[in-house]
Amino acid sequence: MTVEEGDSVLVKQGNRTFNGVLMPSITDNAVIKLINGYNVGFDPGNVTMELAEKKQDVQAATVELPPHDPDLPNVSILSTGGTIASKVDYRTGAVTSQFTAEDILLAIPELTKIANYNARVCYSILSENMQPEYWVRLAEEVYNEIKAGAAGVIITHGTDTMMYTAAALAFMIETPVPVVFVGSQRSADRPSSDNAMNAICAAKVATSDIAGVTVVMHGTTSDDFCHIHKATKVRKMHTSRRDAFQSINSRPLGRVDYPSGKITTYLDHARRGEKELAINSNIEPRCTLIKYTTGASPETLLFASANYKGIVIEGTGLGHVSTEWVPYIKRTTKAGIPVVMTSQCLSGRVCDRVYDTGRDILKAGVIEGEDMMPEVALVKLMWALGQTRDIDEVRKIMTTDMAGEITRSSRT
Amino acid sequence: MSSKYDYKQLGLMSGLEIHQQLDTKEKLFCGCPTTLRDVEDSNFEFFRYLRPTRSEMGEVDRAAAEEAMLTKQFVYKAYDTTCLVENDEEPPRELNPEALNLTLQIAKLMNMDPFDEVFTMRKIVIDGSNTSGFQRTVLVSTGGYIETSQGKVGVGVLCLEEDAAQRVEDKVDSVIYSLDRQGIPLVEIGTDPDIVSPAHAREVAETIGMLLRSTGRVKRGLGTIRQDVNISIARGARVEIKGVQALDLIETIVEQEVERQVNLLDIMEKLQSNNASVPGDIVNVTNLFNQTQSKVIKKALKRGVVLALDLPGFAGQVGREIQPGRRLGTEFSDYAKKSGVGGIFHTDELPAYGITEQDVDTVREAVGARDGDCVILVADLEDRAQGALQMVVERARLALKGIPEETRRGLPDGNSAYMRPLPGAARMYPETDVPSEVITRDMLDSIELPELLPERKARYMEELGLNEELAGIVASKHLELFEKIITEVPGINPTLVASAFDNGKHSALDTPYIDSTLVASTLVNTLTKLRRESELTHDFDIDEVESHHYVDLFKLIVSGGAAKEVIPVLLIEIAQNPEKDIEDIAKKMGLGQKRIEDIERSVENIINQRIDFVKEQGIGAVGPLMGEVMKEFRGSVPGKILSNILKEKIEARLNSSE
Ligand SMILES: [Zn+2]
């Protein structure tokens, strides 16, 4: 009888016998999870393997959820693939992501004291595989949830591209309730994961007075508080740390203390119920972001202008490219393709009126991206081109604060 | 050693689990050094909570559940020698090849045939001792053995794992850990339960320790090796005693655990014949103590209560000694302390602690105790006291059935105290951030077995003429450095050394010639003295002196650039200026061979002038003459060197004149 992954097997090597479960292997070796829990690999040429017992489907333990509490608000959880709950099968070592409300609440029981939940999988994709088209559907789903009476919406998202999706929703939706993005930097299957604290703080914000799209993630490396970031001012600034998300060119909107759940705000924000629910999710996804580097050939721009409807440049310093690029920019804007200038400094405002090159760049028709981050400018440009094809209209949109992405005064 | 028990007849089964830190350059999963730090040197601190991960199986481990009950904050101390990997803020790097290689060498020493592919696993540990909530561990081999006087003892497990963070302080609702230790590579060696007597346990531990030290690449010193002992007797239960740091204790630990199990079995029989039972009713007797003279109870009553528990049929047994100085009551107390109380009282030891005979009588009456019952009292905050007595109920019920399976903490006197229930099967799943390692035949074949310590010691005595003590210490403690010096410094040719010894006497002052005894005694004696001095004065840190410094130092001495008398002074100078060239240091100090010869001549002159005094005083003349010698050099030569030379010259003169 042949053995399959998941079967209990006996492996005989010389006079020794090993008992365990057959595991998947990426080498030629047979990998067994031994009774003591360890995985070990055997060269199949040196051992014989017998079936001990066919694998059995483990019946998931049925669990009682606390009943709907009429005194608590109703919050919707939409999942896009970012995992906020996991289950580990210690028999096989398999880790599975969990998306149902039941599973999330079992993993993070504190959530049940904050709200009633309705959880749904919107996408199940890796963060890096997110596409602008998916923002549109997500925006529609959020819209529908709010319309159906959700007091707040939590969106679980992989952290790599969370800032793009969050910014996109900020442009697409006018919301009278909180729409909160949350994720985890350390996998949900580990006891130290930041998933639970981030989710609890996100639920606190989702049931708070802070209407609008925000990102709620760890504020420091400790489990002491989460920061609440405006969706258009937040950027992932570290590959792996819990406090990777930082507000750029802005203070965070506020913080949620853990475990108390106390919310403190630092900035003005729209209050619950102030705005009418509205959606405007048209976009032009064919936009691109080009980084100017020393020696970069203007052909990059030439290629972009032939293939895209809008271009954001991440220039140096105050927003510069080499003089060699200027005629190409001019040709691009003349062709009706908006070119937005941002800075690779990330922090600070673009200003092309200071140096000669800058003034030439302005004359070539560049739109200054103010204190927008390059990525946010890109998302905004897609959205702006979804609203109008008129380059002057686009310029007006790009230089007007639509969703908190441009601040009038740069504060220290 | 005459023993109290016939261990064979009792059916003693014992196994050891030995954890030994490896002396690798980097940690197991990051590039940080494997050095331990003072907590005061911590430059950063953060805190976390841990929560158990949900399991597919839905089962809850008893030990994990007890740990999870306490929602503690874990505070971590970080250093300029730790990184984001220790902080659980960055994925681990690949498994340290140096550590894996060393583990394969250890596998060979234990007659093991490692698996063809090994995997880093995550073993769930949620007491905060690992920032991640799991310990990374690799099973490298099973099925080995070592030879002992009682035959082969199986070595069932060889794991390579990361050490946990060091527990610095326990507070009421937080625990402080130091991250310097987390991630240091560790081998875990588990023997089969083949150990037959306490003395055998000690022998097995010593043998494994010797094999590990023979590699020359394991850490030395307190806390670098930790031993757990598993013990059971035929009618008893498996008990794991953790954290035995001293080898000498292993034998006593086993003896006293056997004694404990024998006594607990006897208590069980007595209790059964007394028809003892544990109804478990907890009675509030606070009002009986309104007028008490007991200071302990008065203090507790300021904010708390006194609760009582009747144990029918337990009288006399709770106060019975089961290990030297420990009673069944002590075991009750260990359990009770888990809920935060300081301890318990039981009527087998009362009246005492200011609790009077009358107090005891009224309490007995209040709980309806009969003769033959034992009553337990706890005075503390109400929920703590309640929790404490519930734990006593649990332990008392176990006493009726025999011996509970437990993890216990080894105590310095060879006893042990309750820590937690034995953990269930380890909860493990793969560490997906670390690729597996394929162990090839070539890798195994290329690993050479080290010379074992006893062999090496014998060789040093025979070939290098080291005395037994020096040979033993150098072979086990300074092996790598010693070998490096005697191979890299050309003047220390072992065969020349041997013949020099045959010829007998020589003086290093006459020729720049040095031998391996000088090297060995520098490493063993001089360094020990300097280390003590540096700990007292903090003028220098002797650990700043690295192996290349020693090589340069002895090269300099061989070439006559410095005299052997100045070794201690030079070492201090190097420790203070590790970046400087040794030759320059010696030149600057003017302590070359030539200079020493000048000093010797001057010293001899002084001795000649005072020869009568020297003959009269003998070696006692050193002190008085030292003043004159010092005056001669007016601080240009360190006093230590002058006194060494003076002593040597006076001795020589006294010997020659006899
Ligand atoms: Zn590190």
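What counts as what
Residues numbered from 1 in each chain as written. Chains lettered and ligands numbered in written order. Predicted model: local features only at pLDDT ≥ 70, side-chain atom pairs only at ≥ 80, totals over all residues. Heavy atoms only, no water. Helix = DSSP H or I, 4+ residues; strand = E, 2+ residues; numbered from the N terminus. Contact = heavy atoms within 4.5 Å. Buried area = accessible area lost by both parts, 1.4 Å probe. Salt bridge = Lys/Arg side-chain N within 4 Å of Asp/Glu carboxyl O. Polar contact = N/O pair within 3.5 Å; in protein donor to acceptor, adjacent residues only side chain to side chain. Domains from an automatic or database assignment. Nonpolar A, V, L, I, M, F, W, Y, C, P; charged D, E, K, R; others polar. Buried < 20%, exposed > 50% of the residue type's maximum accessible area, 1.4 Å probe, protein only. Pairing = 2+ DSSP bridges. Axes fitted to C-alpha atoms, helices over the stretch in contact; angles between N-to-C directions.

J.: Teacher, can you tell me more about the environment of B:Thr407 here?
T.: Residue and element names in this part refer to chain B. Assignment of secondary structure puts Thr407 in strand β21 (residues 406-410). Distance from Thr407 to Val239, taken between C-alpha atoms, is 6.0 Å for residues 168 residues apart in sequence. Ignoring sequence-local partners within four residues, the contact set of Thr407 consists of Glu240, Lys242, Tyr418, Met419, Arg420, Pro421, Leu422 and Pro423.

J.: Please clarify how the interface of chain A and chain B should be interpreted in this entry.
T.: Often the size quoted for an interface is simply the accessible area lost on bringing the parts together. Contact with chain A, which involves 52 residues of that partner, is made by 47 residues of chain B. Buried surface at the junction of chain A and chain B, summed over both partners, amounts to about 4300 Å²; 51% is from carbon and sulfur atoms. Along the contact surface separating chain A from chain B lie 7 salt bridges. There are 25 residue pairs in polar contact (both at pLDDT 80 or more) connecting chain A and chain B.

J.: When you look at the domain arrangement of chain B in this model, what are you seeing that I'm missing?
T.: Residues and elements named next belong to chain B. On domain assignment, one finds that chain B holds domain 1 (7-238), domain 2 (273-404), domain 3 (453-588) and domain 4 (596-657). Taken together, the 7 residues of domain 3 in the interface contact 9 residues of domain 4. Inspection of the region where domain 3 meets domain 4 yields 0 residue pairs in polar contact (both at pLDDT 80 or more). Taken together, the residues of the side of domain 3 that touches domain 4 break down into 4 nonpolar, 1 polar and 2 charged.

J.: Explanation requested: the pattern of salt bridges in the structure shown.
T.: In a structure, side chains of opposite charge can pair up when their charged atoms sit close to one another. Inspection of every chain in the model, using the stated rule, returns 68 salt bridges over all chains. B:Arg202 is paired through a salt bridge with B:Asp248; the nearest N and O atoms lie 3.6 Å apart. Separated by 46 residues along the polypeptide, B:Arg202 in helix α4 (residues 198-214) and B:Asp248 in helix α5 (residues 247-273) bring together distant segments of the chain. Residue B:Arg202 is classed as partly exposed on the basis of its relative accessible area of 25%. The salt bridge involving B:Asp543 is made with B:Arg531; its shortest N-O contact spans 3.1 Å. A residue pair is termed long-range when its members are at least 10 positions apart, and B:Asp543 in the loop between α15 (516-537) and α16 (547-558) and B:Arg531 in helix α15 qualify at 12 residues. Here the salt bridges share partners, and the residues they tie into one network are A:Arg186, A:Asp189, A:Arg190, A:Arg242, B:Arg48, B:Asp88, B:Glu89, B:Arg122, B:Arg136, B:Glu162, B:Glu431 and B:Asp433.

J.: Help me understand the sheet that holds strand β13 (residues 212-218) of chain A in this model?
T.: What links the strands of a sheet is backbone hydrogen bonding, and the strands pair in either a parallel or an antiparallel sense. Residues and elements named next belong to chain A. Strand order in the open sheet formed by 8 strands is β9-β6-β10-β12-β13-β14-β17-β18, and the pairing between neighbours is mixed. A strand with exactly one partner marks an edge of an open sheet, and here the two such strands are β9 (116-121) and β18 (263-265). Averaged over all pairs of adjacent strands, the angle between strand axes in this sheet comes to 25°, irrespective of strand direction. Relative to β18, strand β17 (residues 254-257) runs antiparallel, the two sharing 3 bridges. Bridge pairing in β18 places Val256 opposite Ile263.

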